Amino acid sequence: MASSLTVANVDAGYAAVRVLEDVSLRVDAGETVALLGTNGNGKSTLMKCIMGIVRPSAGSITATIDGTAHELIGLSTEAIVDLGIAFVPEGRRLFPKQSVLENLQLGAYRPKARAELQRNLDFCFETFPRLKERKGQLAGSMSGGEQQMLALARALMSAPRILLIDEPSVGLAPLLVSRTIDKIKELKEGFDLTVLMAEQNFTQAIRIADRGYVIVHGRIAFEGESAEALNNNDLIREFYLGA
Amino acid sequence: MNAILSGLLLGGFYAAVSIGVAISFGMLDIVNIAHPAFILLGSYAAFIGNTVFGIDPILAAIIAMPLFYLLGMLVYQVYYVAFERRDDQSLRGLSFFFGLLFITEVTLVMIFGVDYRLVQASYIGDKLTLGPLELPFRLLVPFLVSMITVVGLQLFLSRSFLGRAIQAVAQDQLALRLMAANPIRIKRIAFGLSIATAALGGAVLIIIQPVEPSIGREYIGRVFAICVLGGLGSFSGMVIAAVTLGVVETLTATLFGPSWSPAVSFGVLLITLAVRPNGILGR
């Protein structure tokens, strides 16, 4: 069954500062969509609006989970996660004093995910053998790359239909960035997910994205219907490639 | 030899009165200094059950536990609305619990007076003799009750989804929301459990010694010392610390006189923290 996400005409901000203006985007079932833009353009705020962490002042956000549509604005973060939307936040937000295994078990807190705990755990350990080796270690004592893997795996333990990832590459060495991006693709296929990924590393994100949006100063500046369209866009050249 | 043994049993009793604080202070970051007052409330619940209805004090405590659980949830809700939500819990929250301690104490004085109260049970006064070892039931029963509670709670916290969420709630509330759990609900349940253990703690206290309303104050320092010594968030560390303190206090009392034992136990705390700043089993 198909799961998709639609953001329509969303305005949002913090106090007097307006961060998003009339933002619309859609992620169709089974797609990987990249939300591109440099720091401070509103990528994270949009992610937080979808997850109910920041409340938009206008617009609508609709998620269709396995054929049923839900309006997300007004729902609490935990209710949104419970629908089947998982979020890997910026900074990963692991539980540093809990072990790797305990972090993964907490990922399966959602009632629907509890029955599938063992199966999803096996899958995560298969995809990330490193996590299996370190399952007793405290999450806070692992390296940045390992923490990013754990954050991804923990989000998948909730058996989501839609996965949102905020800046998976931040703070990682170049080699780890491309490895993380590859893993996202692998997990997306393994779990049959719909993915929205915010990323400032254009070249890496575009490797696995079906489509993409470029966000500049809180507005969608360009909508690329394919990876090539994004690659050949003047705006991208201006913002990323400095040409 | 018998001093070590009774110290061991005394340690078990200390663990019983510290479990609640190990949850509220160790896992939820709530400095509930009123916990000894709830323990005394538990003692008087056991006292009423014993004198009015003629039932065993432990049984009376078990019957009172659901009420204590609800009381704990209520206290947390007030604390949350008045302090935690406004993000100024540290000092004002402390005065809230300090006030709660005095209100409970004064209420108990007004109802029961300042006389020492005690309970009757068939096993109090008897002892189990194993060769040269003497195990008074007055200490053995609290020890067993305490160990059963600790093991039961430990299993609940490490094996159930709710228990794991309780262990994680103080570390990152937003992250817990992203696991589809409501952190306020989790904390309310955990605080309810913490106060429910005070019913049992109170029953074992009144089995060990007669109580009067202000006796709880004697335990504030000791209970928090045990939790810090063991390592916050670790039940097994808390039990080791409680038993260590029990043995050290009993030995000091036997060898140098009872007035030295608080000094020695806090000495143990200072030395341990100098060597292991996170406590014996702290993470």
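Fair warning: this is a prediction, and the values are worked out from it, not measured in the lab. (Residues numbered from 1 in each chain as written. Chains lettered and ligands numbered in written order. Predicted model: local features only at pLDDT ≥ 70, side-chain atom pairs only at ≥ 80, totals over all residues. Heavy atoms only, no water.)

What follows deals with helix α5 (residues 137–159) of chain B. Taking 1.5 Å per residue as the helical rise, α5 of chain B with its 23 residues ought to reach 33 Å, and the 32 Å between its terminal C-alpha atoms agrees with that figure. Those residues of α5 of chain B that fall on the buried side of the exposure criterion are Leu139, Leu140, Val141, Pro142, Phe143, Val145, Ser146, Thr149, Val150, Leu153 and Leu157 of chain B. (Helix = DSSP H or I, 4+ residues; strand = E, 2+ residues; numbered from the N terminus. Expected span 1.5 Å × (residues − 1). Buried < 20%, exposed > 50% of the residue type's maximum accessible area, 1.4 Å probe, protein only.)

Let us now look at the side chain of Thr250 of chain B. Residues and elements named next belong to chain B. Secondary-structure assignment places Thr250 in helix α10 (residues 235–256). Classification of Thr250 by relative accessible area gives buried; the value is 15%. Only 2.5 Å separates the side chain of Thr250 from the backbone oxygen of Gly246, close enough to count as a polar contact. Discounting chain neighbours no more than four positions away, the residues touching Thr250 are Ala3, Ser6, Gly7 and Leu10. (Polar contact = N/O pair within 3.5 Å; in protein donor to acceptor, adjacent residues only side chain to side chain. Contact = heavy atoms within 4.5 Å.)

The interface of chain A with chain B comprises 26 residues on the first partner and 20 residues on the second. When residues of chain A are sorted by the area they lose upon contact with chain B, Glu78, Phe95 and Tyr109 of chain A head the list and together hold 31% of the total. Summed over the shared surface of chain A and chain B, the number is two salt bridges. For Asp172 of chain B, the salt bridge identified is with Arg93 of chain A, shortest N-O distance 2.7 Å. (Buried area = accessible area lost by both parts, 1.4 Å probe. Salt bridge = Lys/Arg side-chain N within 4 Å of Asp/Glu carboxyl O.)

For the rest of this paragraph, the subject is the sheet that holds strand β4 (residues 58–65) of chain A. All names here are of chain A. Taken in spatial order, the four strands of this open sheet run β2-β1-β4-β5, and their pairing is antiparallel. Strands with a single pairing partner mark the edges of an open sheet, and in this sheet they are β2 (17–27) and β5 (68–71). Pairs of neighbouring strands in the sheet enclose a mean axial angle of 20 degrees, with direction left out of account. Bridge count for β4 against β5 is four bridges, and the pairing is antiparallel. (Pairing = 2+ DSSP bridges. Axes fitted to C-alpha atoms, helices over the stretch in contact; angles between N-to-C directions.)

Bringing the pattern of salt bridges into the picture now. Residues and elements named next belong to chain A. A complete count under the given rule lists 20 salt bridges over all chains for this structure. A salt bridge links Asp66 to Arg161, with the nearest nitrogen and oxygen atoms 3.1 Å apart. Note that Asp66 is positioned in the loop between β4 and β5 and Arg161 in the loop between α7 (144–156) and β7 (162–166), a separation of 95 residues in sequence. Put simply, Asp11, Arg18, Glu21 and Arg219 are held in one network by salt bridges that share partners.

Residue and element names in this part refer to chain A. On the basis of which strands lie adjacent, the open sheet formed by six strands has the order β6-β7-β8-β3-β9-β10 and mixed pairing. Strands with a single pairing partner mark the edges of an open sheet, and in this sheet they are β6 (85–88) and β10 (219–224). Going across the sheet, the axis of each strand differs from the next one's by a mean of 15 degrees, ignoring polarity. Relative to the sheet, α7 contacts β6 and β7, its axis offset from that of β6 by approximately 170 degrees.

Bringing the domain arrangement of chain A into the picture now. Residue and element names in this part refer to chain A. Parsing chain A into structural domains produces domain 1 (4–84 + 160–241) and domain 2 (95–158). Spacing between the C-alpha centres of domain 1 and domain 2 amounts to 23 Å. Listed per partner, the contact involves 18 residues of domain 1 and 14 residues of domain 2. In this assembly, domain 1 packs against domain 2 so that about 1,400 Å² is buried in total across both faces, 75% of it on carbon and sulfur atoms. Broken down residue by residue, the surface that domain 1 buries against domain 2 is led by Pro160, Leu187 and Phe191, which jointly contribute 36%. Between Asp82 and Arg110 there is a salt bridge; the shortest N-O distance is 3.9 Å. Seen at the junction of domain 1 and domain 2, the total is two residue pairs in polar contact (both at pLDDT 80 or more). (Domains from an automatic or database assignment.)

This part covers the packing of aromatic side chains. Evaluated as defined, the whole model comprises 17 aromatic pairs over all chains. For the ring pair Phe123 of chain A and Phe191 of chain A, a centre distance of 4.8 Å and an interplane angle of 90 degrees mean the geometry is edge-to-face. Note that Phe123 of chain A is positioned in helix α5 (residues 117–127) and Phe191 of chain A in helix α8 (residues 174–191), a separation of 68 residues in sequence. A relative accessible area of 13% places Phe191 of chain A in the buried class. Aromatic side chains Tyr76 of chain B and Tyr80 of chain B sit 6.2 Å apart centroid to centroid with 25 degrees between the ring planes, which places their arrangement in the stacked category. Residue Tyr76 of chain B and its partner Tyr80 of chain B are located together in helix α3 (residues 57–82), separated by four residues, close to a single helical turn. Look at Tyr76 of chain B and you get buried, because its relative accessible area is 1%. Above the ring of Phe161 of chain B, the side-chain terminus of Arg164 of chain B is found at 5.0 Å from the ring centroid. (Phe/Tyr/Trp six-rings, centres within 6.5 Å; stacked < 30°, edge-to-face > 60°. Lys NZ or Arg CZ within 6 Å of the ring centre and 35° of its normal.)

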